[in-house]
Amino acid sequence: MNASPPRYPNAALIGGQWVTGPDTFPVIDPATGAEVGRVPDLGAAETKTAIDAAEAALPAWSKKTAKERAQILKRWFDLVTADTEHLAQLMTAEQGKPLAEARGEVAYGASFIEWFAEEGKRAYGRTIPTTAAGKRYITIKQPIGVVAAIAPWNFPIAMITRKVAPALAAGCTVVVKPAEDTPLCAIAIAKLALDAGVPPGVFNVITTANAPAVGKVLCEDSRVRKLSFTGSTEVGKALYRQCASNVKKLTLELGGNAPLLVFDDANLEQAVAGAMASKYRNAGQTCVCANRILVQSGIYDRFAEALAAEVKKLKVGPGRDAGVVIGPLINADAAKKVDGLVRDAVGKGAKVIVGGSPAAAGPLFYQPSVVTGVTPDMTIVHEEIFGPVAALIRFETDEEAIRIANDTPFGLAAYLFSQNLGRAWSVAEALDAGMVGVNEGLFSNETVPFGGVKESGLGREGAAEGLDEYLETKFICLGGIAS
Ligand code: SIN
């Protein structure tokens, strides 16, 4: 397969023009180490030019009606959907996820385009009952302006469309900086947007191997009125500080340390299925993957045994091979980190009951693993694993489970399994998390608000909340009205 089909250029996009070189950097297939393409290594100057282009395109795009923008977005959705197979192949080549999962991500990514095309038509203001005769109060919603979007590598299409589709639907223009590991999907998505009729300058893509230099310009240029970032809490905090200089509006989707609670009264089969879905999706490389699996004493051994039996069935290998469900990790640092966390836990008394080592498929593959007897002194409890390792912690009471679950600076996702509705409700309320799955390990979709509390971030993506992130509310006071 040609990993970068000819219809998608290996180029950045500025003002509707494809920009190549002069410097480039390689995009590597994590399954094989082979180069799948080279893209331009752009810097501060090109980023400024992209902001110029986005600023120039803003008046015309923002003045289009929501319905006109929706028609273009729907064409974009159709083109993405029609090219699912190529996009999925491209994603597997640069990111590593199994083809079936990549196809699922193309559909997930496209769903944001379709949904926000419609939701853009519902950017309603309000009329507010007056407090004074002769005055009337109205609010209107207006596009915030030029938007910067910094996207991660773990969902190379969906995390871009989850930002760009609402921004475009709201009437904003965007400069996207895709992750260095996965720029090819971003370029493909942008090309399809152009083909659908998104005007030049409305959607710009800056590829770079120097993220800090590009990020600094995106944060510090006061013409950019909004930054949406998905990535680590460490980088998110640095961007937050840089955006303070011009009080830019921010959406930050940062790290997680999701607890998954299994109570004695859980349906065992449901709890195991939920843990499998949450933990092993994308080889454990999602911000909402269960990071700490807290299991009550009465069900602990049965749960561990049933989970281990399922994990043993997971086939590891290159994402393009039939039947594979666990692909490679994204790079050598990630593989080293996962193994280090397992070694640390084992050194402190945890027991590996499945896996526990790098896999034979290649240097970036890790065996799907289950580790029991995990305790708070182990690093695996405090750091985001971002790999296919389930860490099981034993608890006795509801209070203890909630205390352990909330004992983290993060608060993105949480999960709980119980057949007792009252317990499920009160624990869901008590968990410090932006999203809670009750008897469910997979909940992300375009219609619901995705985001975290505490150091997991600011704002929400998807749903009506996701459109609001790209809008300003303007209050208009109409005076001189005859009463
Ligand atoms: C993420 O890992 O940041 C996104 C996961 C999702 O959309 O479910």
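Counting restarts for each chain: residues are numbered from 1 in the order of the written sequence. Given that the model is predicted, a residue must reach a pLDDT of at least 70 before its local features are reported, and side-chain atom pairs must reach 80 or more before they are shown or counted; all residues, however, enter totals for whole chains, interfaces and linings. Think of the side-chain values as coming from all heavy atoms in the structure, minus any hydrogens and water.

(A) The site of the ligand, seen in detail. Around the ligand, a shell composed of Tyr108, Asn154, Phe155, Met159, Arg162, Thr230, Arg281, Thr286, Cys287, Val288, Ser444 and Phe450 is seen. Nitrogen and oxygen atoms within 3.5 Å of one another constitute a polar contact, given that in protein one can donate a hydrogen and the other can accept it, and given that sequence-neighbouring residues count only through two side-chain atoms. Note that an oxygen atom of the ligand is positioned 3.0 Å from one of the side-chain N or O atoms of arginine 281. All accessible areas in this document rest on Shrake-Rupley with a 1.4 Å probe, and a residue is counted as covered only by the protein chains that are shown. Burial of the ligand by the protein chains amounts to 100% of its free accessible area of 260 Å². These domain limits were set by an automatic method or by a database of domain assignments. When we break the shell around the ligand down by domain, the ones giving at least three residues each are domain 1 (12-254 + 456-475) and domain 2 (258-445). Residue proximity to a molecule or strand is established when one non-hydrogen atom of the residue lies within 4 Å of it.

(B) Molecular detail of the domain arrangement of the protein chain. As far as domains go, the protein chain holds domain 1 (12-254 + 456-475) and domain 2 (258-445). Computed from C-alpha atoms alone, the centre-to-centre distance between domain 1 and domain 2 is 31 Å. In what follows, residue pairs with any heavy atoms lying within 4.5 Å of each other are defined as contacts. Counting residues at the interface gives 24 residues for domain 1, matched by 25 residues for domain 2. What gets called buried area is simply the loss in accessible area from a 1.4 Å probe that two parts show on being joined, summed for both. The contact between domain 1 and domain 2 buries some 2,000 Å² in all, and 57% of this surface belongs to carbon and sulfur atoms.

(C) Expanded view of the packing of helix 2 (residues 66-82) against helix 6 (residues 183-196). Simply put, an axis is a line fit to the C-alpha atoms, just over the touching stretch for a helix, and the angle between two N-to-C directions goes from 0 to 180 degrees. To qualify as a helix, a DSSP run of H or I must reach at least 4 residues; to qualify as a strand, a run of E must reach at least 2; elements of each kind are numbered from the N terminus. The contact between helix 2 and helix 6 brings their axes to 8 Å, and the two run at 130°. By the angle class used here, helix 2 and helix 6 are oblique. Like other packed secondary-structure pairs, helix 2 and helix 6 cross with a definite hand, here right-handed. Mapping the contact onto sequence places Ile72, Arg75, Trp76, Leu79 and Val80 in helix 2 and Ile189, Leu192, Ala193, Asp195 and Ala196 in helix 6. Each angle is binned into one of four classes, with values under 35 degrees roughly parallel, values over 145 roughly antiparallel, values of 65 to 115 roughly perpendicular, and all other values oblique. Crossing handedness follows the turn of the near helix against the far one: under a right angle anticlockwise gives a left-handed crossing, and clockwise gives a right-handed one.

(D) Just the sheet that holds strand 22 (residues 471-478), in detail. Here, any two strands with at least 2 DSSP bridges between them count as paired. Taking strand neighbours across the sheet as the criterion, the three strands line up as 5-6-22 in an open arrangement whose pairing is antiparallel. Looking at the sheet topology across the chains shown, the edges are occupied by strand 5 (126-128) and strand 22. Geometrically, the sheet is characterised by an average inter-axis angle of 25° between neighbouring strands, direction not taken into account.

(E) Geometry of the pairing of strand 4 (residues 35-40). Summarising the sheet, strand 3 (residues 24-28) and strand 4 pair through five bridges and their orientation is antiparallel. Along strand 4, the bridge assignment pairs phenylalanine 25 with valine 39. Between strand 3 and strand 4, which follow one another and run antiparallel, lie six residues, and glycine 33 among them has a positive phi close to 80°.

(F) Quick look at the sheet that holds strand 15 (residues 369-372). Read across the sheet, seven strands follow the order 14-15-16-13-12-18-19 without closing on themselves; strand pairing throughout is mixed. The open sheet has two edge strands with one neighbour each: strand 14 (351-354) and strand 19 (435-438). With direction set aside, neighbouring strand axes in the sheet form an average angle of 25°. Bridging between strand 18 (residues 413-417) and strand 19 involves four bridges; their strand directions are parallel. Considered in strand 19, the bridge of tyrosine 415 is made with glycine 437. Across the face of the sheet, helix 10 (residues 297-311) comes into contact with strand 12 (258-262), strand 13 (290-296), strand 14, strand 15 and strand 16 (389-395) while running at roughly 170° to strand 16.

(G) Examining the nonpolar core more closely. One finds Leu261, Ile293, Phe303, Leu307, Val374, Ile380 and Leu392 to be the most contacted residues of the largest nonpolar core, which totals 72 residues. With seven residues, helix 10 is the largest single contributor of residues to this core. Leave out the neighbours within four places in its chain, and isoleucine 293 touches Leu260, Ala275, Phe303, Ala390, Ala391, Leu392 and Ile393. For this analysis, a nonpolar core means a set of buried residues of the types Ala, Val, Leu, Ile, Met, Phe, Trp, Tyr and Cys, connected via side-chain atoms within 4.5 Å. Each residue's exposure class comes from its accessible area (1.4 Å probe, protein chains only) as a fraction of the maximum for that residue type: buried when under 20%, exposed when over 50%, partly exposed otherwise. Met91, Phe112, Ala149 and Leu467 belong to the second-largest nonpolar core, a separate cluster that totals 63 residues.

(H) How the structure looks around the confidence of the model for the protein chain. Per-residue pLDDT for the protein chain averages 97, and the proportion of residues at 70 or more is 99%. Segment residues 1-5 is flagged for pLDDT under 50; beyond a separation of four residues in sequence, or across chains, it makes 10 contacts in the model. pLDDT expresses, on a scale from 0 to 100, how confident the predictor is about each individual residue.

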